[in-house]
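As a plain string of letters, each chain reads:
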Amino acid sequence: MTAVEPAAELVVTDITVGGMTCAACVRRVEKKLGKLAGVTASVNLATGLARVSHPADVAPESLVAAVEQAGYQAALPVREDEEDSGAAGNEEAESRRERERLTVTALLAVPVLVLSMVPALQFRDWQWLCFVLAAPVAVWSAWPFHVRALRGLRHSTATMDTLVSLGTVASFTWSAYALFLGEAGGPGMRMSFSLLPAASDGSAHLYLEAAVSVPLFVLTGRFLEGRARRGTGAALRSLAELAAKNVTVRDEDELGERSIPIERLRVGQTFVVRPGERVATDGRVTRGTSAVDLSLVTGESEPVEVGPGSALVGGAVNAGGLLLVAATAVGADTRLARITCLVTEAQAGKARAQRLADAVAGVFVPVVLALAVTVLGFWLGAGADPQAALTACVAVLVVACPCALGLATPTALMAATGRGAQLGVLVRGPQTLEALQQVDTVVLDKTGTLTTGHMTVARVTALPGALGQEAVVRLAGAVEQGSEHPIGQAVTAYARRTGDAGPLPEVTDFAAVPGHGVSGRVDGLMIEVGAADGRLPDALAAALTAAEAAAHTPVLVRVDGRAEALIAVGDVLRPGSYRTVDRLRRLGIRPVLATGDGAAPAEAVAAALGIEEVHARCTPEGKAALVRELRRGGARVAVVGDGVNDAAALAGADLGIAMGSGADVAIGAADLTLARGDIEVLVDAVRLARRTLGTIRANLAWAFGYNVVTVPLAMVGLLDPMVAAAAMSASSVLVVANSLRLRGRQPSGTRGRAHGTHGMRGMSRTSGTRGGKAVVR
């Protein structure tokens, strides 16, 4: 019995591919790589990148060799430090060469087109001037097409360049024959395009217009297309530009500073971020306070206040004071690097429709070549003039355009994923966008997703008297300074934000009573903060009832034994949760709440948001089972969560969506990440997905429809080569321009606006008891 060998470990290698001009090229490269054992490849025409999955024992150099054997240039990606100076420089040099070639071509071709189309400007032997001007266009300007066509011929393949080269050569060769050996060299020569018999004056037709217009229009189209395609990747390049090259570190004695390359920075080292500088890498503030602009990293529109202990994201801009930051992640482990990686992976993928388009493109060019030969033979056999038959043949060669097929999906994905990253939406690939478009049910976690995930004071009710609400809150906050309980910390944080009386007063005789609360003496007054027990005044009793109904934790404040105020503490809803649930319904998506919390907090949240289906006390296994049940019922389910307990449900859903502020395991299990932890971005993600898939369908419909309409017109002689060349170039430019519209996609609404002054504002998360009541600590 023969032992079965274990499957070889697969690795992924990216290869930059040069010389691709259409979807047929993409198909050719993928097929060539796919012939290697265990190798699969996805090639992106817009980015010129091949993402290759291969066994570890297959050397990357052999992948490069396979691509080169297919007739294209290939190279392994350079190091990041080389890429900054090399890739950008190569791209700029290539753009400059394209611009120079196009300029020279236009200067030579325009006079030929004008003279041939405006009889009033023609003079004796003007056809010879046109020939002299057209020769360098047909040879030098079209040289890149000829080279790539010959390279394809050597490898028994045909691409868009083959069609352009054949059209140009056929037009110019016939014109040269007519001028030197035919009747067109005489003074009565004229140029025209027609399937009618030869002109009655016996003069031959010339095709110098086609010989110059085909290279001119194709070069123009590709130059505009290249500029637009570079525009679709602008967001990814802007992310790359956020990465710091150098960082100023402070020595351990904090007396000296020195600048080092970012590659030498290590986790735990302290670095300096001055006003106006970018944060070099992820870290935690150790000294200083400031406002930080995160807009280019997470899409957060408003600056965020940071201070000691605050986490910072590399690439953010320090808009305020001097900060000392301890590095917590460097290199590929930083959030910016992960965002860039996600966007790159998303842009490398293919939608199902694009895979179909690539399959069609694989046989498109050979079919067009066969059609062109058939058309030539048909018209000659039908007795048409040879020049007219050649016109139809050249028009068929020139008008066919697989370029648009290859660009339909990748340009839309590049624009959409780049814009998504700017809005705070990170997708793993086109499959994510396709799944998101089809979602009709969203399972929402409560804590950390619909709520902030930490305790906050929701409401304060104080009795009228000499102290006043602000004073009572500050007294309670002063006493709670000595407590480590989340509820006590919430009260203290709220007291520090209340009023402008400076630091909280000192506390003496502090005591913590397990199961009840804390007490202490402040400014000669005995302050007790704890369970709301005993008989209460009517106003506080009503506030207690309201707090319990809203699933808040009620905290009673006594001053010298008298009940003075009741503070409701809870895990408050995110401001965007109200609008998110409402807009999801408008998009035809049913919201479902699933939480591990108790029934009372869950029902309170559901009532406030208008969610009808609630599942409380869900274990991680219970959430995963709920997702399976919904899917068995025919629903297309997305799960939104932020914690470890959500990972199983995220992985089991049709689409997993993680809050960027959540646990790494949740983000790792998700297909889509809301980068800044804002639930309202979910609406932007759904709308962006629908708009992107709509754009891709429109692009493909245009790409297929264009050829369905124009190729038959060319075959019957209703489309001359000059117009065919312009139409072919315009088709690719239109596809890219349509994709670029996704870059202008705006957020779904104004964020940060309170939903209203009424209704449920928060709920509690119990963590112990005071006095044995479930609603207290």
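The present account deals with the structure reproduced in this document. Quick caveat: nothing in here was measured; it's all calculated off a predicted structure.

1. A look at helix α25 (residues 721-740)
Inference 1: When the terminal C-alpha atoms of α25 are compared, their 29 Å separation across 20 residues agrees well with the 28 Å that a helix rising 1.5 Å per residue should span.
Inference 2: Every buried residue belonging to α25 is among P721, M722, A724, A725, M728, S729, S731, S732, V735, V736, N738 and S739, and all of these are buried.

2. Here's the deal with a nonpolar patch on the surface
Inference 1: Together, V110, V114, M117, V118 and L121 give the surface a local cluster of nonpolar side chains, amounting to about 380 Å² of exposed area.
Inference 2: On the secondary structure map, V114 appears in helix α3 (residues 80-117).

3. Considering the sheet that holds strand β7 (residues 270-273)
Inference 1: A sheet is described by the order of its strands in space; here six strands give the open sequence β6-β5-β7-β13-β8-β11, paired in antiparallel fashion. Each edge of the open sheet is held by one strand with a lone partner, namely β6 (257-261) and β11 (311-312).
Inference 2: In this sheet, strand β13 (residues 323-327) lies alongside strand β8 (residues 283-287) in antiparallel orientation, the contact comprising four bridges. Paired with G283 across the bridge in β13 is A327.

4. What to know about the side chain of S53
Inference 1: By secondary structure assignment, the location of S53 is in strand β3 (residues 49-55).
Inference 2: Residue class for S53 comes out buried when judged on its relative accessible area of 19%.
Inference 3: The residues contacting S53, other than those within four sequence positions of it, are L10, V11, V12, G38, V39 and T40.

5. Some words on the side chain of T695
Inference 1: Within the secondary structure, T695 sits in helix α24 (residues 681-715).
Inference 2: Apart from the residues lying within four places of it in its own chain, the contact partners of T695 are A412, N738, S739 and L742.

6. Considerations on the environment of F123
Inference 1: Within the element layout of this structure, F123 appears in the loop between α3 and α4 (126-141).
Inference 2: Beyond its immediate chain neighbours, meaning those up to four positions away, F123 contacts L115 and L129.

7. Points about the pairing of strand β25 (residues 655-659)
Inference 1: β25 sits mainly inside the fold: five of its five residues count as buried.
Inference 2: Across the two faces of β25 the burial is the same, with L655, I657 and M659 and G656 and A658 all buried.
Inference 3: The pairing of strand β24 (residues 637-641) with β25 spans four bridges and is classified as parallel. Across the sheet, the residue bridging to A638 is L655, located in β25.
Inference 4: Here three bridges tie β25 to strand β26 (residues 672-674), and the two strands are oriented parallel to one another. Note that in β26 the partner of A658 across the bridge is T673.

8. Remarks on the packing of aromatic side chains
Inference 1: By the definition in use, this model includes six aromatic pairs.
Inference 2: For the ring pair F378 and W379, a centre distance of 5.3 Å and an interplane angle of 75 degrees mean the geometry is edge-to-face.
Inference 3: Under the relative-accessibility criterion, F378 is labelled exposed at 52%.
Inference 4: Taken together, a centroid distance of 6.1 Å and an interplanar angle of 35 degrees make the contact between W702 and Y706 tilted. Pair noted here: W702 and Y706 are both in helix α24, with a separation of four residues, about one helical turn.
Inference 5: Assessed through its relative accessible area of 38%, W702 is described here as partly exposed.
Inference 6: One aromatic cluster is present, formed by W128, F131, F172 and F180 through successive ring pairs.
Inference 7: Taking NZ or CZ as reference, R101 lies 4.5 Å from the ring centre of W140, over its face.

9. Points about unusual backbone geometry
Inference 1: Positive phi, close to 55 degrees, is recorded for D509, a residue that is not glycine.
Inference 2: On the secondary structure map, D509 appears in strand β17 (residues 508-513).
Inference 3: Looking at D509, the relative accessible area reads 55%, which means it is exposed.
Inference 4: Backbone geometry places D560, a non-glycine residue, at a positive phi of 55 degrees.
Inference 5: The class of D560 is partly exposed, set by a relative accessible area of 39%.

The rules we used
Residues numbered from 1 in each chain as written. Predicted model: local features only at pLDDT ≥ 70, side-chain atom pairs only at ≥ 80, totals over all residues. Heavy atoms only, no water. Helix = DSSP H or I, 4+ residues; strand = E, 2+ residues; numbered from the N terminus. Expected span 1.5 Å × (residues − 1). Buried < 20%, exposed > 50% of the residue type's maximum accessible area, 1.4 Å probe, protein only. Patch = residues over 30% accessible without salt bridge, like charges linked within 9 Å, V, L, I, M, F, W, Y side chains within 5 Å. Areas by Shrake-Rupley, 256 points an atom, 1.4 Å probe, with all protein chains shown as cover. Salt bridge = Lys/Arg side-chain N within 4 Å of Asp/Glu carboxyl O. Pairing = 2+ DSSP bridges. Contact = heavy atoms within 4.5 Å. Phe/Tyr/Trp six-rings, centres within 6.5 Å; stacked < 30°, edge-to-face > 60°. Lys NZ or Arg CZ within 6 Å of the ring centre and 35° of its normal.

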